[in-house]
Amino acid sequence: MVICRTIGSLNEYLSARPQGPRLGFIPTMGALHDGHASLIREARAGGRFTVVSVFVNPTQFNDPSDFQKYPKTVDQDVYLLEKTGADVLFLPDVTEIYPQGTAPAKHYDLGYLETVLEGAYRPGHFQGVCQVVERLLRIVAPDDLYMGQKDYQQCMVVQRLIDLEHLPVTLVVSPIRREPDGLAMSSRNMRLDAAHRAGAIAIYEALEDIRRGFTRGPLTALTDAARAALEAKGFRVDYVSIADAASLRLLGKWDGKTPAVALIAAFYNDVRLIDNEVLAQAHQLHKVS
């Protein structure tokens, strides 16, 4: 695996690579786990020449302390990438990505997606996501962009970005990877102590309760029960919601045919965790516009 720390060295290496295989790109913020590795394996299984970036993007953290606490495990990340078979690691510093500083250069029209769920609870977050993703896509110029379904709303935002900027890339969204007990794999899990790591599966259990109870008709009692169950176990809940899987319009009742997804965000021991589960008519996220 080649490690490039500058845009110039990355472009020089990519321009010299043999033409033919499509270029697959996996952007990450490091603290890598098997969820990230699964994206690399998927890209390689499709014959992609695979580039992975590790860059903790300061512009998408609306809470400065969250940015400071975000786990950084570069040596372990390099080991995982080499073991998984990534071709290139792009490992830039902040000045390489933001040579003119991190102040927003433009505003992205994300519409409704920026007003609900993560957009409502993390103001400015998705502008920062778009800021860095557009820069990375223009630097790497991949054919295919691989992301995980755990960040459901973020995947929809990135597709919106691709459409807005007419970027020549296909977004490929892979299923959530879970630990044996059901907890969604996340870099933030590293910040949980042993007791809270064991209790964190309550989010997955709440989603499963919603899935089992999901049926045509009103949905409020279902989401209220899930919220109450999490709060009883010590979670501070931002939201427990059911939404149209294609638009993220919140659903107060289900008509029996609209594709639907349940989404949860909650703090546990000051660590913010998110998860989701598609409830009806599994939706191909990369088709969302």
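Before any of the text, the structure's been laid out above.
Per-chain numbering applies: the sequence of each chain, read as written, is numbered from 1 onward. Totals for whole chains, interfaces and linings use all residues, but because this is a predicted model, local features are given only for residues with pLDDT of at least 70 and pairs of side-chain atoms are given and counted only at 80 or more. To obtain the side-chain values, all non-hydrogen atoms of the structure were used and water was disregarded.

Draft legend 1. Broad picture of the sheet that holds strand E3 (residues 49-54). Any two strands with at least two DSSP bridges between them are considered paired. Secondary structure counts use DSSP, requiring at least four H or I residues in a row for a helix and at least two E residues in a row for a strand, with both numbered from the N terminus. In space, the six strands of this open sheet follow the order E1-E4-E3-E2-E5-E6, with parallel pairing throughout. Among the strands making up the open sheet, the edge pair consists of strand E1 (2-4) and strand E6 (170-174). Each strand of the sheet is rotated relative to its neighbour by a mean of 25°, with strand direction disregarded. Both strand E2 (residues 23-28) and strand E5 (residues 144-148) contribute to a ladder of two bridges, which runs parallel. The residue of E5 that forms the bridge with Gly24 is Asp144. Whether two residues are in contact is decided by their heavy atoms, any of which lying within 4.5 Å being enough. Only C-alpha atoms enter the line fits that serve as axes; for helices the fit covers just the stretch in contact. Angles between N-to-C directions range over 0 to 180 degrees. Across the sheet, helix H2 (residues 34-45) touches E2, E3, E5 and E6, and the angle it forms with E5 is around 150°. In the packing of helix H8 (residues 152-165) onto the sheet, the strands contacted are E5 and E6, and the crossing angle to E5 comes to about 160°.

Draft legend 2. Examining the sheet that holds strand E10 (residues 260-268) more closely. One open sheet holds the three strands; their spatial order is E8-E10-E11, and the pairing between them is antiparallel. The open sheet has two edge strands with one neighbour each: strand E8 (236-244) and strand E11 (271-280). When the angles between neighbouring strand axes are averaged without regard to direction, this sheet yields 10°.

Draft legend 3. Structural view of the pairing of E11. Note on classification: 1.4 Å probe, protein chains only; a residue is buried when its accessible area is under 20% of the maximum for its type, exposed when over 50%, partly exposed between these limits. Taking burial as the measure, the 10 residues of E11 include nine buried ones, the bulk of the element. Pairing analysis gives nine bridges linking E10 to E11, with the strands arranged antiparallel. From the neighbouring strand, Phe267 faces E11, where its bridge partner is Arg272. The antiparallel hairpin formed by E10 and E11 contains two residues in its connecting segment, where Asn269 sits at a positive phi of about 55°.

Draft legend 4. Here's a closer look at the packing of H2 against helix H4 (residues 74-84). With their axes 10 Å apart at the nearest point, H2 and H4 run at an angle of 30° to one another. Between H2 and H4, the crossing angle belongs to the class labelled roughly parallel. Where H2 crosses over H4, the two elements pack in a sense that is right-handed. Between H2 and H4, the residues in contact are Ala37, Ile40, Arg41 and Arg44 and Leu80, Leu81 and Thr84, respectively. Each residue is assigned to one of three groups, with Ala, Val, Leu, Ile, Met, Phe, Trp, Tyr, Cys and Pro labelled nonpolar, Asp, Glu, Lys and Arg labelled charged, and all others, Gly among them, labelled polar. Among the residues forming the contact of H2 with H4, the class breakdown is four nonpolar, one polar and two charged. In these notes the angle categories are as follows: under 35 degrees is roughly parallel, over 145 is roughly antiparallel, 65 to 115 is roughly perpendicular, and the rest is oblique. Put simply, a crossing is left-handed when the front helix is turned counterclockwise from the back one by less than a right angle, and right-handed when it is turned clockwise.

Draft legend 5. Geometry of the pattern of salt bridges. Definition used for salt bridges: Asp or Glu carboxyl oxygen within 4 Å of a side-chain nitrogen of Lys or Arg. Under the definition given, this model contains 22 salt bridges. The shortest N-O distance in the salt bridge between Arg22 and Asp144 comes to 2.9 Å. Note that Arg22 is positioned in the loop between helix H1 (7-16) and E2 and Asp144 in strand E5, a separation of 122 residues in sequence. Exposure remark for Arg22: the relative accessible area of 36% places this residue in the partly exposed category. For Glu205, the salt bridge is made with Lys233, and the minimal N-O distance between the two is 3.5 Å. Of this pair, Glu205 sits in helix H10 (residues 202-213) while Lys233 sits in the loop between helix H11 (220-232) and E8, placing them 28 residues apart in sequence. For Glu205, a relative accessible area of 34% translates into the label partly exposed.

Draft legend 6. Seen up close, H8. Working rule for helices: expected span equals 1.5 Å times residues minus one. Here H8 is 14 residues long and its end C-alpha atoms lie 20 Å apart, about the 20 Å a rise of 1.5 Å per residue gives. Counting buried positions along H8 gives 10 out of 14 residues, so the element sits mostly inside the fold. Within H8, the full set of buried residues consists of Tyr152, Gln153, Gln154, Cys155, Met156, Val157, Val158, Gln159, Leu161 and Ile162. In the core, the buried residues of H8 are packed alongside helix H6 (118-121), helix H7 (125-140), E5, E6, E10 and E11. Positive phi shows up at His166, right after H8, with a value of about 55°.

Draft legend 7. Quick look at the packing of aromatic side chains. Pairing of aromatic rings covers Phe, Tyr and Trp, the last counted by its six-membered ring, and requires centre-to-centre distances within 6.5 Å; plane angles under 30 degrees mean stacked, over 60 mean edge-to-face, and any other angle means tilted. Within this structure, the stated rule accounts for seven aromatic pairs. With a centroid separation of 5.8 Å and an interplanar angle of 45°, the aromatic rings of Tyr121 and Tyr239 are classed as tilted. Of the two residues, Tyr121 sits in helix H6 while Tyr239 sits in strand E8, which places them 118 residues apart along the sequence. Owing to a relative accessible area of 6%, Tyr239 belongs among the buried residues under this scheme. An aromatic cluster is built from Phe61, Phe67 and Tyr70, whose rings are joined through pairwise contacts. Throughout this description, the term charge over a ring refers to an Arg CZ or Lys NZ atom that lies within 6 Å of the ring centre and within 35 degrees of the ring normal. The cationic tip of Lys72 hangs over the ring face of Phe67; the distance from NZ or CZ to the ring centre is 5.5 Å. Over the aromatic face of Phe267 sits the side chain of Arg236, whose NZ or CZ is 4.1 Å from the ring centroid.

Spatial relationships are all this shows, so hold off on functional conclusions.
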